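# Chains, contacts and geometry: an overview
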Amino acid sequence: MTKVYLSLGSNLGARISIISETLERLLSLPESKVIGLSEFYETPAWGKEDQPDFINLCCELETALSAQDLLTYCQQIEQDLGRERKEKWGPRTIDIDILFFGQEVINEENLVIPHPYIQERAFVLQPLSDIAPDFVHPVLNQSIKDLLAKVDISDLVQLVIE
């Protein structure tokens, strides 16, 4: 089993409901088990800022799936929940990013792991730090908590979800 970290984000529709449905679907992935879940955060859009705020969180899985198979499942969940890929960093019902796949470094046409923007994104680092503060980035050789200390988290709002 490989330990995997995913980032989930939604800024269209009923964001909490969409993320809850995404988590339900992740719980039923074959040969996989969700073992950790961060707090939920509301964050401004990153990269393309003229759009609604996101709700973001991270989850930790253990899986026997390959990285490519996991990507296929994640993209199917996104499609099932209404994701339309119209523009880079545009608004979306759900976005599932594979942040880390164990300590693997993967650079394929459709999949780059570790995710290339982790170290720049407070909306990824804060929730990831909730569940894996001591995880060491396999390329940057820095822990998540150390990477988090280098970004501005002032515009992240932790949400209380019941």
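Here the structure is shown first, and the text comes after it.
Scope of this entry: the structure provided in the associated data block. (Residues numbered from 1 in each chain as written. Predicted model: local features only at pLDDT ≥ 70, side-chain atom pairs only at ≥ 80, totals over all residues. Heavy atoms only, no water.)

Further remarks concern the overall build of the protein chain. From N to C terminus, the protein chain includes four helices and eight strands. If you list the helices and strands of the protein chain from N to C, you get β-α-β-β-β-α-β-β-β-α-α-β. Taking 162 residues into account, the globule formula puts the C-alpha radius of gyration at 15 Å, and the protein chain, at 15 Å, falls close to it. Burial status across the protein chain gives 49% buried among its 162 residues. Expressed as a percentage of contacts within the protein chain between residues at least 6 apart in sequence, the contacts between residues at least 24 apart total 69%. If you sum the accessible surface of the protein chain, you get close to 8,100 Å²; carbon and sulfur atoms cover 47% of it. Averaged over its 13 positive side-chain charges, the protein chain has a centre that lies 2 Å from the centre of its 27 negative ones. (Helix = DSSP H or I, 4+ residues; strand = E, 2+ residues; numbered from the N terminus. Rg over C-alpha atoms; globule rule 2.2 N^0.38 Å. Buried < 20%, exposed > 50% of the residue type's maximum accessible area, 1.4 Å probe, protein only. Contact = heavy atoms within 4.5 Å. Areas by Shrake-Rupley, 256 points an atom, 1.4 Å probe, with all protein chains shown as cover. Lys, Arg positive; Asp, Glu negative; His and termini not counted. Charge placed at Lys NZ, Arg CZ, Asp CG, Glu CD.)

Structurally, the position occupied by Gln126 is in helix 3 (residues 122–131). By relative accessible area, Gln126 is classed as buried at 14%.

Attention shifts here to a nonpolar patch on the surface. On the surface, Val105, Val139 and Leu140 cluster together into a nonpolar patch covering about 240 Å² of accessible area. For Val105, the position within the fold is in the loop between strand 5 (95–101) and strand 6 (106–108). Look at Val105 and you get exposed, because its relative accessible area is 54%. (Patch = residues over 30% accessible without salt bridge, like charges linked within 9 Å, V, L, I, M, F, W, Y side chains within 5 Å. Salt bridge = Lys/Arg side-chain N within 4 Å of Asp/Glu carboxyl O.)

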